[in-house]
Amino acid sequence: MRIVRLSDAQSLPFWRRPVTLLFLMALAMPIAFNTWSALLNNFVIEVAGFDGSDIGWLHTVREIPGFFAIGVIALIIFIREQVLGLVSLVMLGAATAITAYFPSMGGILTLTMLSSIGFHYYETVNQSLQLQWLEKARAPQMIGWLMAAGSAATFVAYVLIVLTWEALGLSYAFVYMVSGGITVAIAVFCLFAYPQFEAPHPQLKTFVLRRRYWLYYALQFMAGARRQIFVVFAGFMMVEKFGFQVHEVTALYLITLVTNIVAAPLMGRVVTLFGEQRALLFEYAGLAVIFLCYGGLYFFSWGVVIAAALYVLDHVFFALALALKTYFQKIADPGDIAPTAAVAFTINHIAAVFLPALLGYLWLTSPGAVFLLAAGMATVSFLLALLIPRHPVKGHETRLNPVIAAPAE
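Values in this document were obtained by computation on a predicted structure and should not be read as measured data. (Residues numbered from 1 in each chain as written. Predicted model: local features only at pLDDT ≥ 70, side-chain atom pairs only at ≥ 80, totals over all residues. Heavy atoms only, no water.)

Undergrad: Before we go on, may I ask you to explain the overall build of the chain in this structure?
TA: A tally of regular secondary structure across the chain gives 14 helices and two strands. A principal-axis box enclosing the C-alpha atoms of the chain has dimensions of 70 × 45 × 35 Å. The 409 residues of the chain split such that 57% are buried. Long-range contacts, defined here as pairs at least 24 residues apart, represent 87% of the contacts in the chain between residues at least 6 apart. Looking at the chain as shown, the accessible area adds up to about 16500 Å², and 72% of this sits on carbon and sulfur atoms. Each charge class in the chain was averaged separately, 22 positive and 19 negative side chains, and the resulting centres sit 11 Å apart. (Helix = DSSP H or I, 4+ residues; strand = E, 2+ residues; numbered from the N terminus. Buried < 20%, exposed > 50% of the residue type's maximum accessible area, 1.4 Å probe, protein only. Contact = heavy atoms within 4.5 Å. Areas by Shrake-Rupley, 256 points an atom, 1.4 Å probe, with all protein chains shown as cover. Lys, Arg positive; Asp, Glu negative; His and termini not counted. Charge placed at Lys NZ, Arg CZ, Asp CG, Glu CD.)

Take a look at the structure:
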């Protein structure tokens, strides 16, 4: 548990450096979480008999820990961020491993809550560590590569599911146990194999809510509301409307992952070349069109090929969300990164706590209207992104703030 400053970490063997740890964590999380997600819709429909309202309540429960991600601020008073992130990974993996052994509504909701605590606390800490450990100039590209690494790990897991689910007659219990166990094993290894890395700027361990970050908060709120509609209902639609089986859903995810492995590093390069504002405007415009087309699947009865293509494109556009991270990195005080990551996660999940349950009832009467609502949210995000400066810095967080001239030497 020795402490190593980031400036001294380059003297360590490559496999023990901070960036390598970030990549291992990026590999570990999606093995459990994305496997759980890939099997979830089939599991709850086939085993637990869920309908649209039930799946909405499940995702509302899943998002409650995200709403309370602000609790990370209290925990890092006593626990180092690096340790908290890895312990959260252990919780995520362990809860995933035993999911299939509790196929009732109460059991699924309980384990969903536990795995969600692990997932959201890990994601909060992981975002903070990325922005503290990566240089600003390299951050977009490196975050893109980290996203690609996570997609690659999930790709391997999904290939194995597609090839063996029917051929070997796998059960939900076996797949959940293996995927969750791998995540636990990687997290435990990282806990003991790596020193504690010390960033040059100590993080504030108090609640931070600054007026000058208001645009970042607003974009986080809209992103959370919009993304929930996709996470909850896009995959559910593929099973309920088009009758996808487990191996077919997983095959669709595989196509998405292959696309992301290639696209995520490119998106990081796009943000570096064109800036956060243009990248986010492109993302939000694309998502608005895609959600309108999702609605068209119900209003015009378009086919399964269009639905699958929209699903893949949706993920490509979401990869540009890394621009929101680097926008904050450029405008933030270095000591604000950890507490603001927690606050931002809570803001991101305000709508996520109630939207899935409410929209689950709307889904029962008009599934297309759910996606039209998401298109409207993407449009609002587009309008907000117009306020991001071409070169955001501290003191020039939005276009409403005048550029502060540098003092004469």
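Undergrad: Explain the side chain of Asp314 to me, please; I cannot follow it from the model alone.
TA: Along the chain, Asp314 turns up in helix H10 (residues 304–318). Look at Asp314 and you get buried, because its relative accessible area is 0%. What Asp314 contacts, discounting residues up to four positions off in sequence, is Phe230, Leu287, Ile290, Phe291 and Tyr294.

Undergrad: Even after reading the chapter, I still don't get the packing of helix H8 (residues 214–240) against H10, so can you show me in this structure?
TA: Axis angle and axis distance: for two packed helices, these are the angle between their axes and the distance between the axes, and together they describe the pair. Two elements in contact, H8 and H10, have axes separated by 12 Å at closest approach and are oriented at 150 degrees. Taken together, the axis directions place H8 and H10 in an arrangement best described as roughly antiparallel. The handedness of the crossing between H8 and H10 comes out as left-handed. Two secondary-structure elements touch here, H8 through Arg226, Arg227, Phe230, Ala234, Gly235 and Met238 and H10 through Val304, Ala307, Ala308, Tyr311, Asp314, His315 and Phe318. (Axes fitted to C-alpha atoms, helices over the stretch in contact; angles between N-to-C directions. Parallel < 35°, antiparallel > 145°, perpendicular 65-115°, else oblique. Left-handed = near helix turned anticlockwise from the far one by under 90°.)

Undergrad: What am I meant to see in the packing of aromatic side chains here?
TA: For any pair of aromatic rings, geometry is given as the distance between the ring centres together with the angle between the planes. If you walk through the whole model with that rule in mind, you get 15 aromatic pairs. An angle of 85 degrees between the planes, with centres 6.0 Å apart, marks the rings of Phe43 and Tyr176 as edge-to-face. Here Phe43, found in helix H1 (residues 18–46), pairs with Tyr176, found in helix H7 (residues 172–193); they are 133 residues apart in sequence, far enough to count as distant. A centroid spacing of 5.5 Å and a plane angle of 80 degrees characterise the contact between Trp133 and Phe197, whose relative ring orientation is edge-to-face. With Trp133 in helix H5 (residues 105–133) and Phe197 in strand E2 (residues 196–198), this pair connects stretches of sequence that are 64 residues apart. For the pair shown, Trp133 and Phe197 are each scored as buried. (Phe/Tyr/Trp six-rings, centres within 6.5 Å; stacked < 30°, edge-to-face > 60°.)

Undergrad: Whenever I open this one, the nonpolar core confuses me. Can you help?
TA: Side chains of a nonpolar character, in soluble globular proteins, are inclined to be buried together. Ranked by size, the top nonpolar core spans 131 residues in total, and within it Leu89, Phe197 and Tyr294 carry the most contacts. Excluding anything up to four places from it in sequence, Phe197 contacts Val4, Leu6, Ala9, Leu12, Arg16, Arg17, Pro18, Leu21, Arg80, Gln82 and Trp133. (Core = buried A, V, L, I, M, F, W, Y, C linked by side-chain atoms within 4.5 Å.)

Undergrad: In this structure, what is going on with helix H11 (residues 322–331)? I would like to understand it.
TA: Since one α-helical turn is 3.6 residues long, residues separated by three or four positions face the same way. For H11, the tally of buried residues reaches eight of ten residues, placing the bulk of the element in the interior. Those residues of H11 that sit buried are Leu322, Ala323, Leu324, Thr326, Tyr327, Phe328, Gln329 and Ile331.

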